[in-house]
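Commentary on secondary and tertiary structure
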2 protein chains.
Amino acid sequence: MTIDPLKDFPGYALRRASVATMQRLAGGLQVLDLRASEASILLVIEANPGITQSEIGRLLDIAGANMAPLMRRLHDRDLVERNAVDGRSQALHLSPAGRALSAKARRIFRAHEDELLKKIPPADRAPFLKNLQALYSDPTD
Amino acid sequence: MTIDPLKDFPGYALRRASVATMQRLAGGLQVLDLRASEASILLVIEANPGITQSEIGRLLDIAGANMAPLMRRLHDRDLVERNAVDGRSQALHLSPAGRALSAKARRIFRAHEDELLKKIPPADRAPFLKNLQALYSDPTD
DNA sequence: TATTGTTATACTCTATAACTATA
DNA sequence: TATAGTTATAGAGTATAACAATA
């Protein structure tokens with residue numbers, strides 16, 4: 001039998017779980033022609049009308065250089081409207097089409113999270129989430 | 001204040017935690033000029049002398065097409081020896097240099113996992129690992 | 001000086017298709 | 001027919017450097 005020397009490493013399990021989970025989410029979002037990052041941005045704009053691109057980047061930990069092509073794609077599809085607030089920042093809002101698509105994306109997110117939670121015993125769910133959050137929000141990570 | 005509509009999604013927390021953790025591991029392995037995938041392969045070969053490339057791929061969930069360049073790099077650096085067992089499979093073993101590097105990589109893995117575990121309350125650690133494993137080994141994921 | 005937004009570029013991981021050779 | 005290994009290629013996320021315009 002093959003020995004897996006990584007099996008009991010939580011970091012390894014974390015990565016495997018993340019990849020498997022993201023693949024499932026990407027598959028669900030495919031019918032909307034949205035990537036997970038794009039769908040996330042739509043939800044963030046909907047929850048924060050008038051937010052700027054750089055604020056989204058800080059919230060989702062996406063570098064400015066990588067936000068630009070993502071936002072351009074959403075703008076080119078007329079999902080997001082940009083209104084200049086000063087010479088360099090733009091207030092972002094969802095267009096009607098963006099709101100419709102965001103609602104569909106949110107349903108896919110919800111179904112996806114429900115699927116995921118089915119595999120975690122109810123008593124473990126709250127600490128599981130809290131521990132994951134600690135792993136990425138702790139600055140000493 | 002900015003609202004984060006994704007904050008309580010475990011799938012989102014899983015991804016953020018995985019990315020943050022992998023970046024830290026990659027930084028640690030940099031001094032060995034190893035990527036996380038390459039270091040993992042070294043540990044697997046060490047634990048399973050004579051294993052084949054396709055068996056490693058199945059264990060780590062790396063597609064054959066992606067194993068080829070990884071193995072070539074390890075072989076080019078004289079870390080891994082390949083001995084034909086039949087016309088298409090090769091038994092893999094670590095070279096002395098490969099064993100030395102693998103030992104160093106394992107110490108970096110260990111230190112990295114210890115850092116990670118520091119952020120998880122001791123009582124949560126076993127279920128945390130088990131739940132992560134369930135997320136990627138469950139075929140219905 | 002610092003920030004916003006952009007372009008260009010490169011690396012890594014993942015994925016598919018197509019192929020050779022062997023079992 | 002199925003498997004092992006390879007090549008080529010493409011999509012996606014992440015990273016740095018450099019830049020223009022603005023605060």
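Throughout, residues of each chain are indexed from 1 in the direction in which the sequence is written. Whichever chain is written first becomes A and whichever ligand is written first becomes 1, with later ones labelled in order. Residue-level local features of this predicted model are given only where pLDDT is at least 70; pairs of side-chain atoms are given and counted only at 80 or more, and the full residue set underlies all totals for whole chains, interfaces and linings. Hydrogen atoms and water are omitted, and side-chain values are computed over all heavy atoms in the structure.

**So, the interface of chain B and chain A**
Listed per partner, the contact involves 53 residues of chain B and 52 residues of chain A. Buried area counts how much accessible surface, traced with a 1.4 Å probe, disappears from two parts once they are put together, with both parts' losses summed. The contact between chain B and chain A buries some 5,200 Å² in all, and 68% of this surface belongs to carbon and sulfur atoms. A carboxyl oxygen of Asp or Glu within 4 Å of a side-chain nitrogen of Lys or Arg is what we treat as a salt bridge. Remark: the boundary between chain B and chain A carries 0 salt bridges. Polar contact criterion, stated in full: a pair of N or O atoms within 3.5 Å, where within protein one must be able to donate a hydrogen and the other to accept it, and residues adjacent in sequence count only if both atoms are side-chain atoms. For the interface between chain B and chain A, the tally reads 10 residue pairs in polar contact (both at pLDDT 80 or more). The way it works is that DSSP assigns letters per residue, a run of H or I at least four long becomes a helix, a run of E at least two long becomes a strand, and they are numbered from the N terminus. Within the residue set of the side of chain B that touches chain A, elements represented by two or more residues are α1 (10-29), α2 (36-47), α3 (53-60), α5 (96-118) and α6 (122-137) of chain B. Sort the elements by how many residues they give to the side of chain B that touches chain A and α1(B) lands first, with 13 residues. For the side of chain B that touches chain A, the per-class residue count stands at 30 nonpolar, 9 polar and 14 charged. We call two residues in contact when some of their heavy atoms are within 4.5 Å. Polar here means any residue other than Ala, Val, Leu, Ile, Met, Phe, Trp, Tyr, Cys and Pro, which are nonpolar, and Asp, Glu, Lys and Arg, which are charged; Gly is therefore polar.

**Section: the protein's contact with DNA strand D**
As a matter of local geometry, DNA strand D sits amid 20 residues, with A:Gly87, B:Arg15, B:Gln23, B:Gln53 and B:Arg88 nearest to it. Near-protein atoms of DNA strand D (within 4 Å) split between backbone and bases, with sugar and phosphate holding 70%. Within the side chain of B:Arg58, one N or O atom sits 3.3 Å away from a phosphate oxygen of DNA strand D. Separating a phosphate oxygen of DNA strand D from a side-chain N or O atom of B:Arg82 is a distance of 3.3 Å. Those elements giving two or more residues to the surface near DNA strand D turn out to be α4 (64-76) of chain A together with α1, α3 and α4 (64-76) of chain B. Of the residues belonging to the surface near DNA strand D, the class tally is 4 nonpolar, 9 polar and 7 charged. Any residue with at least one heavy atom within 4 Å of a molecule or strand is counted as near it.

**Let's talk about the relation of the copies chain B and chain A**
Superposing chain B onto chain A takes a rotation of 180 degrees plus a shift of 0.0 Å along the axis, which leaves an RMSD of 0.1 Å. Here the two chains are linked by the operation of a two-fold rotation axis. When the interface residues of chain B are mapped onto chain A, 98% of them again fall at the interface, so both copies present the same face. Residues below a pLDDT of 70 in either copy are left out; the C-alpha atoms of the rest, at least 70 in both, set the least-squares superposition of the copies.

**Some points on helix α6 (residues 122-137) of chain A**
Counted at 1.5 Å a residue, the expected span for α6(A) with its 16 residues is 22 Å, and the 24 Å between its end C-alpha atoms agrees. Relative accessibility under 20% of the residue-type maximum defines a buried residue, over 50% an exposed one, and the middle range a partly exposed one, all with a 1.4 Å probe and only protein chains included. Listed as buried for α6(A) are A:Phe128, A:Leu129, A:Asn131, A:Leu132, A:Gln133, A:Leu135 and A:Tyr136. Of the surrounding secondary structure, the elements contacted by the buried residues of α6(A) are α1 (10-29) of chain A together with α1, α5 and α6 of chain B. The span you would expect from a helix comes to 1.5 Å times its residue count less one.

**Considerations on the pairing of strand β2 (residues 90-94) of chain A**
Residues and elements named next belong to chain A. Pairing between strands is defined by DSSP: at least two bridges between them are needed. Bridging between strand β1 (residues 80-84) and β2 involves 5 bridges; their strand directions are antiparallel. Counterpart to glutamate 81 in the pairing with β2 is histidine 93. The antiparallel pairing of β1 with β2 creates a hairpin that spans 5 residues between the two strands.

**Details of the side chain of A:Glu38**
Residue and element names in this part refer to chain A. With respect to the secondary-structure elements, glutamate 38 resides in helix α2 (residues 36-47). Overall, glutamate 38 belongs to the buried group, its relative accessible area being 0%. Polar contacts involving the side chain of glutamate 38 include one to the side chain of arginine 35, which spans 2.9 Å. There is a polar contact of 2.4 Å between the side chain of glutamate 38 and the side chain of arginine 73.

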